[in-house]
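Spelled out from the first residue to the last, the chains are:
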Amino acid sequence: MDRVRRIINAQRAYERGYYGEGIGVAVLDTGIYLHPDFGQRVSCFLDYINGRKAPYDDNGHGTHIGGIIGGDGGVSQGTYMGIAPRCHFIIIKILDRKGNGNTEHVVQAVDWLVRHRQAYRIRIVNISIGMVLKAESRERIRLLQAVDYAWDSGMVVVAAAGNNGPRGSSITVPGVSRKVITVGCFDDNREQIGRSMLKPDYSGQGPTEHCIVKPELVVPGTNVTSCSIYPGMYMRKSGTSMAAPIVSGSIALLLSKYPQFSPAEVKLRLYQCAQDLGLPSAKQGWGMLDIGQLL
């Protein structure tokens with residue numbers, strides 16, 4: 001995370017006193033382990049898989065994402081601090097210990113978020129999951145309707161582009177939604193991923209089947225070190241699942257400064273401030289996120 005924060009210019013936000021305080025970020029994933037870096041900032045936990053009441057994560061994916069969004073880096077003396085270390089979390093477990101889930105749980109989670117948006121000050125929804133394009137069309141439509149409903153209800157939805165690149169039109173659902181902010185990686189080359197299960201240029205590329213430019217943004221997503229489900233420890237993961245929460249945390253910083261921004265205004269601001277990397281639009285979309293420019 002120290003590398004990530006440096007690349008996207010996060011220090012510019014901290015110098016101005018913006019840390020994401022008061023901004024609720026909902027994470028729909030495998031749950032969360034109460035790593036010390038989260039302090040008392042897990043405001044709510046719902047479990048659609050096993051119905052448990054206390055926060056837990058039997059996979060590790062959700063905890064890692066939470067750390068990227070807003071771990072305070074205390075155990076690592078700040079080295080692995082997340083992007084918005086004072087935001088608070090609304091955690092909804094929709095994936096099981098193997099990382100599998102279903103559309104119905106996403107729909108139920110979004111309905112709950114819309115009903116409780118104001119009570120928990122939920123401004124952002126991070127969805128680092130993806131359904132392949134060949135999935136049953138009815139399921140795809142329901143998932144897209146759910147994320148669009150969250151967006152229309154006033155929450156900024158951030159989705160991963162998926163790891164099915166480098167072929168074109170390889171963005172996963174719900175990242176193909178024309179409304180949500182879809183995030184890919186620019187550091188997915190062979191040198192960065194090293195010996196990994198991911199293939200070079202894994203980041204999903206656009207356009208969508210409706211010729212919408214996707215992803216909107218790219219950020220670092222390879223070999224990101226963040227919170228682990230083992231006490232006081234960290235782990236390294238790669239993929240667009242790691243890229244999406246970087247943008248979610250960055251939006252929390254943006255909303256710290258401009259709390260009145262609607263989802264559409266957030267998206268416009270991101271478009272205006274993206275940094276062109278000189279890559280094809282199908283790969284980079286608008287370009288790379290730069291928090292210094294964003295604020």
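For the structure, see preceding data.
Below or above, wherever it landed, is the structure these notes cover. (Residues numbered from 1 in each chain as written. Predicted model: local features only at pLDDT ≥ 70, side-chain atom pairs only at ≥ 80, totals over all residues. Heavy atoms only, no water.)

1. As for the sheet that holds strand S3 (residues 88-93)
One open sheet holds the eight strands; their spatial order is S2-S3-S1-S4-S5-S6-S7-S10, and the pairing between them is parallel. Each of the sheet's edge strands pairs with one partner strand only, and the pair in question is strand S2 (42-47) and strand S10 (287-288). Bridge count between strand S5 (residues 156-160) and strand S6 (residues 181-185): three bridges; the pairing is parallel. Paired with Val 158 across the strands is Ile 181, a residue of S6. Sitting on the sheet, helix H4 (residues 103-116) touches strand S1 (24-29), S2, S3 and strand S4 (122-127), and the angle it makes with S3 is about 150°. The sheet contacts of helix H7 (residues 240-257) involve S1, S4, S5, S6 and strand S7 (217-219), and relative to S6 the element is tilted by about 130°. (Pairing = 2+ DSSP bridges. Helix = DSSP H or I, 4+ residues; strand = E, 2+ residues; numbered from the N terminus. Contact = heavy atoms within 4.5 Å. Axes fitted to C-alpha atoms, helices over the stretch in contact; angles between N-to-C directions.)

2. Thoughts on the pattern of salt bridges
If you walk through the whole model with that rule in mind, you get nine salt bridges. With a shortest N-O distance of 3.4 Å, Arg 3 and Asp 187 are connected by a salt bridge. With a gap of 184 residues between them, Arg 3 in helix H1 (residues 2-7) and Asp 187 in the loop between S6 and helix H6 (190-193) connect regions that are remote in the sequence. As a salt-bridge pair, Glu 139 and Arg 138 come within 3.3 Å of each other at their nearest N and O atoms. A residue is classified by how much of its surface remains accessible, and Arg 138, at 48% relative accessible area, is partly exposed. One network of salt bridges, with partners in common, ties together Lys 214, Glu 216 and Lys 267. (Salt bridge = Lys/Arg side-chain N within 4 Å of Asp/Glu carboxyl O. Buried < 20%, exposed > 50% of the residue type's maximum accessible area, 1.4 Å probe, protein only.)

3. Some details on the environment of Asp 58
Structurally, Asp 58 can be placed in the loop between S2 and helix H3 (61-70). Look at Asp 58 and you get partly exposed, because its relative accessible area is 31%. Considering only alpha carbons, one finds Asp 58 and Ala 13, 45 residues apart in sequence, at a separation of 33 Å. When neighbours within four sequence positions are excluded, Asp 58 is seen to be in contact with Thr 30, Asn 50, Lys 93, Asp 96 and Arg 97. Here the side chain of Asp 58 touches Lys 93 through a polar contact of 2.8 Å, side chain to side chain. (Polar contact = N/O pair within 3.5 Å; in protein donor to acceptor, adjacent residues only side chain to side chain.)

4. Structural notes on unusual backbone geometry
The amide bond that connects Gly 165 to the next residue, Pro 166, takes the cis arrangement and shows omega of 10°. Relative to the elements of secondary structure, Pro 166 occurs in the loop between S5 and S6. The backbone phi angle of Ser 169 is positive, close to 50°, even though this residue is not glycine. Inspection of the secondary structure assignment puts Ser 169 in the loop between S5 and S6.

5. Let's talk about H7
With 18 residues, H7 ought to run about 26 Å at 1.5 Å a step, and its terminal C-alpha atoms sit 26 Å apart, in line with that. Where burial is concerned, most of H7 is hidden: 16 out of the 18 residues are buried. (Expected span 1.5 Å × (residues − 1).)

6. A few points about the pairing of S1
Taking burial as the measure, the six residues of S1 include six buried ones, the bulk of the element. The side-chain alternation of S1 yields two buried faces, one formed by Gly 24, Ala 26 and Leu 28 and the other by Val 25, Val 27 and Asp 29. Both S1 and S3 contribute to a ladder of six bridges, which runs parallel. Counterpart to Val 27 in the pairing with S3 is Ile 91. Two elements, S1 and S4, share four bridges in a ladder whose sense is parallel. Along S4, the bridge assignment pairs Ala 26 with Val 125.

7. As for the packing of aromatic side chains
Going through the model one piece at a time under the given rule, you end up with seven aromatic pairs. Ring geometry for Phe 38 against Phe 89: centres 5.4 Å apart, planes inclined by 75°, an arrangement best described as edge-to-face. Of this pair, Phe 38 sits in the loop between S1 and S2 while Phe 89 sits in strand S3, placing them 51 residues apart in sequence. Taken individually, Phe 38 and Phe 89 each receive the classification buried, so the pair is uniform in this respect. For the ring pair Tyr 258 and Phe 261, a centre distance of 4.7 Å and an interplane angle of 5° mean the geometry is stacked. For Tyr 258, a relative accessible area of 18% puts it in the buried group. (Phe/Tyr/Trp six-rings, centres within 6.5 Å; stacked < 30°, edge-to-face > 60°.)

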